[in-house]
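So the chains spell out like this:
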Amino acid sequence: MRLSPQINGGPNSPDRFCRFEIVDKAKDQSEGTVAKGRATCPFPDCGRVIDGDEVKAQAQAGDMGEQLFAVVYKERVVSKTKTGREREKWVRGYRAPRSEDEVQDKVQQALDEKLPEWEALDVVPNERFPEDGNDTRPIQYGMPLWRDLFSPRQLLCHGTSVEVFRELYEQEKEKPGFSEATKAAFGYLALAIDKCIDWNSKQCTWELSKLRMAHTFHVHGFPLKWSFAEMAPLITGIGYDWVLEATAKSLAELIDLARPDVQAKKTRKGQQQVQLPTTENYTPPSITVTCNSADSLDHLDDQSVDVVVMDPPYYNNVMYAELSDFFYVWLKRTAGHIYPEYFRRPLTDKENEAVANPAKFKGEKGAGALANEDYRERMAAIFAECRRVLKFDGIMTLMFTHKATGAWDALTKGLMEAGFIITASWPINTEAEGSMHIKDKSAANSTIFLVCRPRPERSDDDEVLFWEDLEPRVRSAVRSRIQDFQAAGIKGVDLYLSSFGPALEEFSGHWPIQRGQPKAKTSNGKGKALDAPFDPYATSPEDALDAARREVKNWRMEQLTTIQRQAELDPLTEWFVLAWDAFQAPRFPYDEALRLARVVGLDMDRDIIGTVAEKKTSDVIIWDSETRAAKGSLGATDGSRAMLDALHHAAYIARTKTLAAAREMLAKTGVDQDPAFLKSMSAVLEVLPPSEAFVGFAPADAVLPAAGDFEALEKLRHLAFGEKVYRPRQLSLWEAGE
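Criteria and thresholds
Residues numbered from 1 in each chain as written. Predicted model: local features only at pLDDT ≥ 70, side-chain atom pairs only at ≥ 80, totals over all residues. Heavy atoms only, no water. Phe/Tyr/Trp six-rings, centres within 6.5 Å; stacked < 30°, edge-to-face > 60°. Helix = DSSP H or I, 4+ residues; strand = E, 2+ residues; numbered from the N terminus. Buried < 20%, exposed > 50% of the residue type's maximum accessible area, 1.4 Å probe, protein only. Arc of directions from axis to C-beta. Polar contact = N/O pair within 3.5 Å; in protein donor to acceptor, adjacent residues only side chain to side chain. Pairing = 2+ DSSP bridges. Axes fitted to C-alpha atoms, helices over the stretch in contact; angles between N-to-C directions. Contact = heavy atoms within 4.5 Å. Parallel < 35°, antiparallel > 145°, perpendicular 65-115°, else oblique. Nonpolar A, V, L, I, M, F, W, Y, C, P; charged D, E, K, R; others polar. Salt bridge = Lys/Arg side-chain N within 4 Å of Asp/Glu carboxyl O.

> I keep staring at the packing of aromatic side chains and nothing clicks. Help me out?
Working definition: an aromatic ring pair is given by the centre-to-centre distance plus the angle between the planes. The full count for this structure, using the stated rule, is 25 aromatic pairs. Ring geometry for Y328 versus F343: centroids 5.5 Å apart, planes at 35°, classification tilted. Here F343 lies in the loop between α7 (320-331) and α8 (367-389) and Y328 lies in helix α7, a separation of 15 residues in the sequence. Residue Y328 shares its accessibility class with F343, and that shared class is buried. When the ring of F507 is compared with that of W511, the centres are 5.9 Å apart and the planes differ by 55°; the resulting orientation is tilted.

What follows is the structure in structure tokens.
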């Protein structure tokens, strides 16, 4: 089922409700978030604009409701094969709501009858949504309590689940022979109920591309879902049937890992059934599961562990504890009655979480820098404890993915301070192409696996290097691996991330490292000097990562043009090409744009922002030719500032006038004879997204403007420069994939 929020049409018509569409969104476009935006009523006799603040005010006043507007169903269809046999299949269909579907009043009445008792018995969450977290959108849109994230139908369903769970548990506890196994079974049942809650909240949506529901955390946050999907939990095969089967499947997989002699089989009804081992003398492996903090492994002796495998928190990428509250408030009402020692807090512990959480430092100067240092210190304490319990010949494997160099710097600095060196690294593709966490974003698909070992004690005979001596070795280490990474299909931002591994391998082997010559003090990219004490002779992992970026940049620029003449790209064009090549999207983090600017020798705010891109919140958005023309930032037609200006002038004229007019403009300025222009055209055509005319399908909405530039420039190349600039190699790759 799908529902859509409604909102009052405005103060001038308090009795009319208007379903509306969102425009001018500042972020989370796919989720319809109103940030600094507004809503427009689509009714032809209305058309009023409702300001975003008005939307929130009405939502907080309780005027945001839901309206059922579609029902999803499956219909049994029987057809005949050529041999006369009957073939059965189930076909998904959609229909408008009927009168018998509109049972909101009955649901609300039943909920109103149950709520007083449930509140008295603490069956449903009464905790307030935290006001001091990073994401307070539920509060802004009239959902101050955790239970407000559920529609009346969903809340009635989940409250009943908790009520029945407790009744069953109390009954079983009174029976003779109540065992730890039965107690554990109720723990798994609590997890199944929580899975149902995850898939049945007002944060769930309908995935049009897959024609199915998406669960609450298909994105790592709480954006308001202007249309959401409701599960029908009592239908055979879905709802409770599905979550119980999925939980049982996961349990069977864990049993298979822990007890390879035990096989889990499915019954004819699809349920998991465990078959006990027949070998009487089998001794199962010793497995201990603890809930200790990773910086306090006091149950383990020194040098007692052979291998540590860690998937550490990814810096500021996900605020795990803040998201976990969604599950915690329900789990403590089910599993909390079985294992109360794990559910003593009102909400999850945010204070001791190893993430770079700026919300912990609200109101303090430099909250972001403080969050970064807090993360580094916490990870260093965790690594130090791992170093203590790991044997001298032991090994630790880390998996880490983050585009921001600062995240890598904080993690690896803590790693080396704890006494580890990095001895190997491997990029592994770990994100599905359709993942909602990376879809249409400048996100990484790969996770970098770092193999670490305890650092041997240094002797007086060990070679001592300064950074000036080590940097060429770092670049050489990257160059020796980057071709293999690219040949393995690693591209875009992942190619830069992959280079971090070999760079850190070389760097960590010589840590700590000093400079022979002092380094000039830099700013934090916002025009203010860094507040941390500055040591001009110190180095950090960030130095190695910057060297790796420069080496990848040089490598990619060698690959991105077929023009062999002695010509170099100017810095602005080079930045534009590298940005599209790395991120393959017009929008990406400002910090990463800043690092690319430093690689090519540009000042981000002076040379790039307002010229070829704009800054929006913490991101940068690259402009296409039409946007630059509208903003008056195209520069000279002769490319005297940057050849990108000449290319964008040509693309704009070709898109708005004719190819002939664009060719004439280039000939008039004489730039069409400049080898630097030809090389720039070759490189730009290799990185811009191709249009539908060349690949047969429409690109994503976010890249459509850039695809328009590609189409104009490729047609212009074919018309006027076919003998000087070869056809983009990326088109051959698209054709090969058809």
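Having seen it, we continue.
> What's the story with helix α1 (residues 52-60) in this structure? I'm lost.
Each α-helix turn comprises 3.6 residues. Residues three or four places apart therefore point the same way. Those residues of α1 that sit buried are G52, V55, K56, Q58 and A59. One side of α1 carries all its buried residues, which in axial view fall inside an arc of 165°. For α1, exposure combined with an orientation more than 90 degrees from the buried face picks out D53 and Q60. Of the residues flanking the start of α1, the one acting as N-cap is D51, its side-chain oxygen 2.8 Å from the backbone nitrogen of D53. In the segment just after α1, G62 is the residue with positive phi, at about 90°.

> In this structure, what is going on with the sheet that holds strand β19 (residues 619-622)? I would like to understand it.
Two pairing modes exist for strands in a sheet, parallel and antiparallel, and in both the strands are linked by backbone hydrogen bonds. The antiparallel open sheet is built from three strands, whose spatial order is β17-β19-β18. With one partner strand each, in any of the chains shown, β17 (587-589) and β18 (613-616) form the two edges of the open sheet. For this sheet, the mean angle separating the axes of adjacent strands, direction not counted, is 30°. Along the sheet face, helix α13 (residues 571-583) touches β17, β18 and β19 and points at about 110° away from the line of β19. Lying on the sheet, helix α14 (residues 590-600) is in contact with β17, β18 and β19; it crosses β17 at an angle near 85°.

> I would appreciate a short explanation of the packing of helix α17 (residues 643-656) against helix α21 (residues 704-720) in the present structure.
α21 packs onto α17 with a crossing angle of 90° between their chain directions and a minimal axis gap of 9 Å. By the angle class used here, α17 and α21 are roughly perpendicular. Across from L647, H648, A650, A651, A654 and R655 in α17, the residues of α21 making contact are P705, G708, D709, A712, L713 and L716. Of the residues belonging to the contact of α17 with α21, the class tally is eight nonpolar, two polar and two charged.

> How do you make sense of the pattern of salt bridges when you look at a structure like this?
Where side chains of opposite charge bring their charged atoms close, a pairing between them can arise. In the structure shown here, the tally under the stated rule is 48 salt bridges. Ionic pairing is found between K114 and E163, a salt bridge with its closest N-O pair at 3.1 Å. One end of the pair, K114, is in helix α2 (residues 104-121); the other, E163, is in helix α4 (residues 152-173), and 49 residues separate them in sequence. For E163, a relative accessible area of 17% translates into the label buried. As a salt-bridge pair, R345 and D349 come within 3.6 Å of each other at their nearest N and O atoms. Looking at R345, the relative accessible area reads 44%, which means it is partly exposed. On the accessibility criterion, D349 (26% relative accessible area) is partly exposed.

> Please explain the side chain of S508 as it appears in this structure.
Mapped onto the secondary structure, S508 falls in helix α11 (residues 493-508). In this structure the side chain of S508 is engaged in a polar contact, spanning 2.9 Å, whose partner is the backbone nitrogen of I422. Not counting chain neighbours up to four residues away, the residues in contact with S508 comprise M416, I421, I422 and R455.

> How should unusual backbone geometry be read in this particular structure?
Comment: phi is negative for the bulk of residues other than glycine, and the bulk of peptide bonds are trans. For the peptide bond that leads from W511 to P512, omega is -5°, which places it in the cis range. The phi angle at L211 is positive, at roughly 55°, despite the residue not being glycine. The phi dihedral of Q584 falls on the positive side, at around 50°, and the residue is not glycine. Among the secondary structure elements, Q584 is positioned in the loop between α13 and β17. In this structure Q584 comes out as partly exposed when scored by relative accessible area, which is 45%.

Nothing here speaks to function; it is geometry throughout.
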